[in-house]
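A structural walkthrough
The lines below spell out each chain.
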Amino acid sequence: MRVPKVVLPTFILEPRSFLEKLSDYYFHADLLHEASLEDDPHMRMVKVVRFYLSGFYKKPKGLKKPYNPILGETFRCCWEHPDGSTTFYVAEQVSHHPPISSLFVSNRKAGFDVSATILAKSKYYGNSVSAMMLGKIRIRLLNRGETYTVGLPFANCKGIMIGTMTLELGGQVTIECDRTAYTCMLDFKLKPFLGGSMNVMNGQIKLGKETITEIDGHWDGLISYKNVKDGSKATLWEATTETFGRRLPRKEIPLESQGDWESKKLWIKVSEAIANDDQYKATEEKTVLEADQVSHSWRIICCWAVVIPHCSVVVPSRVSLTRPSSSVTTRGTRTTMSMLSE
């Protein structure tokens, strides 16, 4: 069963927007700079995979869900690199139903940029919920002229009704380079009902149909890779306290300089209520934003109606529209905007 319109209680919310959460994948963006400097195409793929895996270990305490972004909402931040360059991040919610987020990450001095458009979907299975992020991420190494296309695993939350609540990643992901014959296939495995361990993943890097490298480990711990020809092994990625210390420092736009539709400013009253453990106030403020979302969406539709001549738009009666430059006639729940072409 799909659950796109279920309103979740505020006590399970992580006090930040999904647009901000997507930025967690770029705390180690300097690994892409290392990949861009690598001359060997096989090791370049290895280093792109290392960057990809570096984005999963950061998790909130407990099982928390970020805010669903509002149409037109944006989030901006940046990371400063040791070499003096800066990685810039901007994300925007471009659709509310279905919920689609777009992002762009760029550091031209370090030689890379990343773009993605992601559709978030959820499915309910009784005692578990799966959250899928559909879409492709494109990583460009500018000095190499290469684009790596990747997907994302799904998140599976178990124990909603019975048992201990746990969060796992599952599904198969392919990383492809458009300029070389190298591909990487990663398999994120869910814990079996009997036996096994949590957060296991494995994969292979192939040149054409030939397996060159094998990958295995735990995505929230140690991941190793092995050269198939000589059997040598090395660490691909390891999430340790030292790893936390190597995160790039992230900077955000000061709150007083943010626009009204930027995430931190938009959700500040909800976040403050959650921080104060005032669930009633948090729910009240969240409801206000969700109601404004409906009106904002219809205002956008009606703005397009102004551009398109002889356009009639059916608007719910609860939605307040104010656009002085247009002619508006209201009859019950129908508002007709008639514009003559110039």
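Parameters and conventions
Residues numbered from 1 in each chain as written. Predicted model: local features only at pLDDT ≥ 70, side-chain atom pairs only at ≥ 80, totals over all residues. Heavy atoms only, no water. Helix = DSSP H or I, 4+ residues; strand = E, 2+ residues; numbered from the N terminus. Buried < 20%, exposed > 50% of the residue type's maximum accessible area, 1.4 Å probe, protein only. Contact = heavy atoms within 4.5 Å. Areas by Shrake-Rupley, 256 points an atom, 1.4 Å probe, with all protein chains shown as cover. Core = buried A, V, L, I, M, F, W, Y, C linked by side-chain atoms within 4.5 Å. Patch = residues over 30% accessible without salt bridge, like charges linked within 9 Å, V, L, I, M, F, W, Y side chains within 5 Å. Salt bridge = Lys/Arg side-chain N within 4 Å of Asp/Glu carboxyl O. Phe/Tyr/Trp six-rings, centres within 6.5 Å; stacked < 30°, edge-to-face > 60°. Lys NZ or Arg CZ within 6 Å of the ring centre and 35° of its normal. Arc of directions from axis to C-beta. Pairing = 2+ DSSP bridges.

**Focus: the overall build of the protein chain**
Secondary structure summary: the protein chain contains 7 helices and 19 strands in total. Within the protein chain, buried positions represent 42% of all 342 residues. For the protein chain, the proportion of contacts with a sequence separation of at least 24, taken over those separated by at least 6, is 50%. For the protein chain, the accessible surface area stands at approximately 18100 Å², while carbon and sulfur atoms represent 56% of it.

**Notes on the nonpolar core**
Grouped together as the largest cluster of nonpolar side chains are 57 residues, with contacts concentrated most on Val49, Tyr52, Leu53, Tyr89, Leu186, Phe188 and Ile215. The leading source of residues in this core is helix α3 (residues 41-53), at 7 residues. Among residues more than four places away in sequence, those in contact with Phe188 are Tyr52, Leu53, Phe56, Pro153, Leu169, Gly170, Gly171, Val173, Val200, Met201 and Trp219.

**Observations regarding a nonpolar patch on the surface**
The grouping of Ile160, Met161, Ile162 and Met165 at the surface amounts to a nonpolar patch, some 430 Å² of accessible area in total. The topology assignment puts Met165 in the loop between β10 (154-158) and β11 (166-177). Given the relative accessible area of 45%, Met165 is considered partly exposed.

**With respect to the pattern of salt bridges**
Under the definition given, this model contains 18 salt bridges. Between Glu252 and Lys264 there is a salt bridge, with its nearest N and O atoms 2.7 Å apart. Taken together, the residues span a long stretch of sequence, with Glu252 in strand β17 (residues 250-252) and Lys264 in helix α5 (residues 263-266) at a distance of 12 residues. Note that Lys265 is salt-bridged to Asp260, the shortest N-O span being 3.8 Å. A single network of salt bridges, built from pairs that share partners, joins Glu14, Arg16, Lys21 and Asp24.

**Overview of the packing of aromatic side chains**
The full count for this structure, using the stated rule, is 12 aromatic pairs. Aromatic pair Tyr26 and Trp79: ring centres 6.3 Å apart, planes at 50°, arrangement tilted. Placement of Tyr26 in the loop between α1 (18-21) and α2 (30-37) and of Trp79 in strand β3 (residues 74-80) is noted, with a sequence separation of 53 residues between them. Each of the two residues, Tyr26 as well as Trp79, counts as buried. On the basis of an interplanar angle of 65° and a centroid distance of 5.4 Å, the ring pair of Phe56 and Phe188 is categorised as edge-to-face. Of the two residues, Phe56 is situated in the loop between α3 and β2 (65-67) and Phe188 in strand β12 (residues 182-189); the sequence distance between them amounts to 132 residues. Taken as a pair, Phe56 and Phe188 share a single burial class, namely buried. Cluster of aromatic residues (ring-pair linked, three or more members): Tyr26, Phe27, Phe51, Phe75, Trp79 and Tyr89. Between Arg247 and the ring centre of Phe27, over which it is positioned, the NZ or CZ distance is 5.3 Å.

**Let's talk about the environment of Ile268**
Tracing the backbone through its elements, the reader meets Ile268 in helix α6 (residues 268-275). On the accessibility criterion, Ile268 (26% relative accessible area) is partly exposed. C-alpha separation for the pair Ile268 and Arg16, spaced 252 residues apart in sequence, amounts to 8.9 Å.

**Quick word on α6**
Turning to α6, its buried residues number three or more, namely Val270, Ser271, Ala273 and Ile274. Viewed end-on, α6 has its buried residues packed into an arc of 160°, placing them on one side of the element. Seen from the open side of α6, the exposed residues pointing more than 90 degrees away from its buried face are Lys269 and Ala275. In the segment just after α6, Asp277 is the residue with positive phi, at about 60°.

**Thoughts on the pairing of strand β6 (residues 112-124)**
Alignment of strand β5 (residues 100-107) against β6, held across 8 bridges, turns out to be antiparallel. Bridge assignment links Ser102 to a residue of β6, and that residue is Thr117. Turn length for the β5-β6 hairpin, with the two strands adjacent in sequence and antiparallel, is 4 residues, and the turn residue Gly111 shows positive phi of about 90°. The pairing of β6 with strand β8 (residues 137-141) spans 5 bridges and is classified as antiparallel. Counted as the bridge partner of Ala116 is Ile137 from β8. Bridging between β6 and strand β7 (residues 128-134) involves 6 bridges; their strand directions are antiparallel. Of the residues in β7, the one forming a bridge with Tyr124 is Val129. Counted along the chain from β6 to the antiparallel partner β7, the turn is 3 residues long, and its residue Gly126 has a positive phi close to 100°.

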